[in-house]
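So you can see what is in the structure, the chains are spelled out below.
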Amino acid sequence: MAAELHVELVAADRQVWSGEATLVVARTTSGDIGVMPGHQPLLGVLESGPVTIRTSDGGTVVAAVHGGFISFADDKLSLLAEIAELADEIDVQRAQRELERAKAEGDALAERRAEVRLRAVSAH
């Protein structure tokens, strides 16, 4: 069994993160899933939520992901997201303002997106 897996996190408009990892945790329509080297092949639909990547060098990468797909085979994990942002890229104050505005306007989708962004930052 391999000690690491190759991860590609790609959004519709760019490659967000690529590298070697020992564990990736993501939310799918079937629930949260953790993928480690040697995991059974899988294909799933991503729900909006934070994705946590434990890198091979002991670090952690957290991203806010909004929809997409996850696939794993031969120790290669692909996360193909509609929208994805690394926690380091998220402007917390802007996300809080967006959350307040979405709640005031009753926009459930925008509210969920802002909540996921804030959770990704707090998990980082």
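On a predicted model such as this, the values are computed, not experimentally measured, just so you know.

## Some remarks on the nonpolar core
Item 1. One finds V7, L9, V24, I53, V65, L77 and L79 to be the most contacted residues of the largest nonpolar core, which totals 24 residues.
Item 2. For this core, the secondary-structure elements that each account for two or more residues are strand 1 (5-11), strand 2 (14-28), strand 4 (42-46), strand 5 (49-55), strand 6 (60-73) and strand 7 (76-86).
Item 3. Setting aside its immediate chain neighbours within four residues, L9 contacts Q15, V16, W17, A63, V65, L79 and A84.

## Some remarks on the pairing of strand 2
It is a general feature of regular strands that their side chains alternate between the two faces of the sheet.
Item 1. As paired strands, strand 1 and strand 2 are joined by seven bridges and run antiparallel to one another. Of the residues in strand 2, the one forming a bridge with V7 is G19.
Item 2. Taking the residues between adjacent antiparallel strands as the criterion, strand 1 and strand 2 are bridged by two residues.
Item 3. As paired strands, strand 2 and strand 5 are joined by four bridges and run antiparallel to one another.

Rules of the game
Residues numbered from 1 in each chain as written. Predicted model: local features only at pLDDT ≥ 70, side-chain atom pairs only at ≥ 80, totals over all residues. Heavy atoms only, no water. Core = buried A, V, L, I, M, F, W, Y, C linked by side-chain atoms within 4.5 Å. Buried < 20%, exposed > 50% of the residue type's maximum accessible area, 1.4 Å probe, protein only. Helix = DSSP H or I, 4+ residues; strand = E, 2+ residues; numbered from the N terminus. Contact = heavy atoms within 4.5 Å. Pairing = 2+ DSSP bridges.

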